[in-house]
Amino acid sequence: MVISKKPIGLLAVMLLGMFTSVTMANTVTDTTHTTNETTTPVEHVVQETEETHAVAHVEEGHEALSPKEKITEHIQHHLLDSYDFTLFSDEETGHSVGFSLPVILIDNGLKVFSASKFEHGKAVANVDGNYYKVYHNKIYKTDAAGTLEMHEGHPINEKPLDFSITKNVFSLLLTALILILLFSSLAKTYKKGPNALPTGFSRVLEPLVIFVRDEIARPNIGEKKYKKFMPYLLTVFFLIWLLNLIGLTPLGINVTGNIAVTFCLAICTLIITNFSANKDYWGHIFWMPGVPVPMKLVLAPIEILGIFTKPFSLMIRLFANITAGHSVVMGLIAIIFLFKQTLTTGGSIGVSMLLTTFISVIELLVAFLQAFIFTMLSSLFIGMAVQDHHHDEDHTKDGLGEHDNAIV
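Calculation rules
Residues numbered from 1 in each chain as written. Predicted model: local features only at pLDDT ≥ 70, side-chain atom pairs only at ≥ 80, totals over all residues. Heavy atoms only, no water. UniProt positions renumbered as here; feature names shortened; annotations may be inferred. Phe/Tyr/Trp six-rings, centres within 6.5 Å; stacked < 30°, edge-to-face > 60°. Helix = DSSP H or I, 4+ residues; strand = E, 2+ residues; numbered from the N terminus. Salt bridge = Lys/Arg side-chain N within 4 Å of Asp/Glu carboxyl O. Buried < 20%, exposed > 50% of the residue type's maximum accessible area, 1.4 Å probe, protein only. 1 Å grid on protein atoms, 1.4 Å probe; cavity = no way out; pocket = protein on both sides within 12 Å on 5 of 7 lines; lining within 4 Å. Points joined across faces, edges and corners; volume = space filled by probe spheres on them. Nonpolar A, V, L, I, M, F, W, Y, C, P; charged D, E, K, R; others polar.

- Looking up the protein in an unreviewed UniProt entry gives the name ATP synthase subunit a, with the organism given as Flavobacterium agrisoli.
- The UniProt entry for the protein carries this comment under Sequence similarities (unreviewed entry): "Belongs to the ATPase A chain family."
- Under the UniProt heading Function (unreviewed entry), the note attached to the protein is "Key component of the proton channel; it plays a direct role in the translocation of protons across the membrane."

## A look at the packing of aromatic side chains
- Applying the stated criterion to the full structure yields 12 aromatic pairs.
- Residues Phe113 and Phe118 carry aromatic rings whose centres are separated by 5.7 Å and whose planes lie at 65 degrees to one another, so their mutual orientation is edge-to-face.
- Note on Phe368 and Phe372: the rings are 6.4 Å apart at their centroids and 10 degrees apart in plane angle, and the pair reads as stacked. Residue Phe368 and its partner Phe372 are both found in helix α11 (residues 345–386); the two are separated by 4 residues, about one turn of the helix.

## With respect to the pattern of salt bridges
- Evaluation of the coordinates by the stated rule reveals 4 salt bridges.
- Across the salt bridge formed by Asp107 and Lys141, the nearest N and O atoms sit 3.1 Å from each other. Placement of the pair is Asp107 in the loop between β4 (102–106) and β5 (110–114) and Lys141 in strand β8 (residues 138–142), with a sequence separation of 34 residues.
- With relative accessibility at 6%, the residue Asp107 sits in the buried group.
- Residue class for Lys141 comes out partly exposed when judged on its relative accessible area of 22%.
- Close ionic contact of Asp214 with Arg218 constitutes a salt bridge, the shortest N to O distance being 3.1 Å. Of this pair, Asp214 and Arg218 both sit in helix α5 (residues 202–221), separated by 4 residues, roughly a single helical turn.
- Residue classification places Asp214 among the partly exposed positions, given a relative accessible area of 26%.
- Several salt bridges share partner residues, and in doing so they unite Arg213, Asp214, Arg218 and Glu223 into one network.

## Focus on the UniProt feature "transmembrane region" (unreviewed entry) in the protein
- With numbering aligned to this structure, UniProt lists the feature "transmembrane region" (unreviewed entry) at residues 169–187, 232–253, 259–277, 318–339 and 351–374.
- Split by type, residues 169–187 is 100% helix and 0% strand. Its first and last C-alpha atoms lie 26 Å apart.

## Here we look at empty space enclosed by the protein
- Counted by the stated rule, this structure contains 4 cavities of 30 Å³ or more.
- As a volume, the largest cavity reaches approximately 90 Å³.
- Along the walls of the largest cavity sit Thr269, Leu270, Thr273, Asn274, Tyr281, Gly306, Ile307, Lys310, Pro311, Phe381 and Met384, which together make up its complete lining.
- Of all the secondary-structure elements, those providing two or more residues to the lining of the largest cavity are α7 (259–276), α9 (293–333) and α11.
- Looking at the lining of the largest cavity, its residues break down into 6 nonpolar, 4 polar and 1 charged.

What follows is the structure in structure tokens.
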């Protein structure tokens, strides 16, 4: 059993959670646009509020959203991040049940207020004389009327630096706290001695930790060097797994389906792999031994590109699989509303719940499988970077041995 006496694993959880939470915050985009007094139709820059935007759609001949379009919009909204948790909403009355999260902005000073001021994007928040409006889950500076200056369908208003506690950030912090508490209890058990037995929920964690050690770290990294990377591998495995499980709850959380989170996790693997790599690893990338010089010149750029394509595959695989799973589950639940006119209420609910339960069981497997695959590939990449290469010596010894046997 390997639990480091130093709180390296706990620090890794905290740093990873904070790193992803900061990365998920909206960055400031300096939209450079010239405000000419004589605008031309080619520029197509208009100032419009959401009300005039809706009127423009009606004038252009856009009809009200169909049930399929409403379902698609709802699924897209579920996959996106948000400034509040919405547990239940009534489309007819517009009443929503949930709770808002704190908004933290840096705009000529620190601005902290509740997201309830936005009223789910329907109102303009007035904070110390500054007006802010949410549009497509991003906060823009506006006037008291909530005017958004649009260009090609996108607002070009200034955006403040956003460090708000969104749904995904809240989930990351909560998951990090849970992991710290769980592994602190497990670590205290082993401080009592090598023969100490875990108690409580630590009995569930111990087999999983041993699984990561014996089935992932040791085979891929090697017996001599795997201990150094156990804190990171344990952190990644349990963080992804717990986030995936939380994503299956009705809270509408889609953390690992956010490409910013998977990007940060992949970057961590990239940094650890390349900063831990030995000279043999870099020698095989830039100047492969035993290969003709013309082929070395061809293979070197490919190997350099491979340094970045490996973590890129980690990022896309986790993001795509979790996003697809959420979309399928939400789509199956929508059968209740989509076929309520053609099927009886009981029939549509029965079909929907049967299919949703089946997919949800598969999603439980996928939640573990994606955590396992990400950790497995990360350990494989690290193992390729830290292992010692003695191909030439091994080939020489093997050749001499075969030659000697032949003579005998």
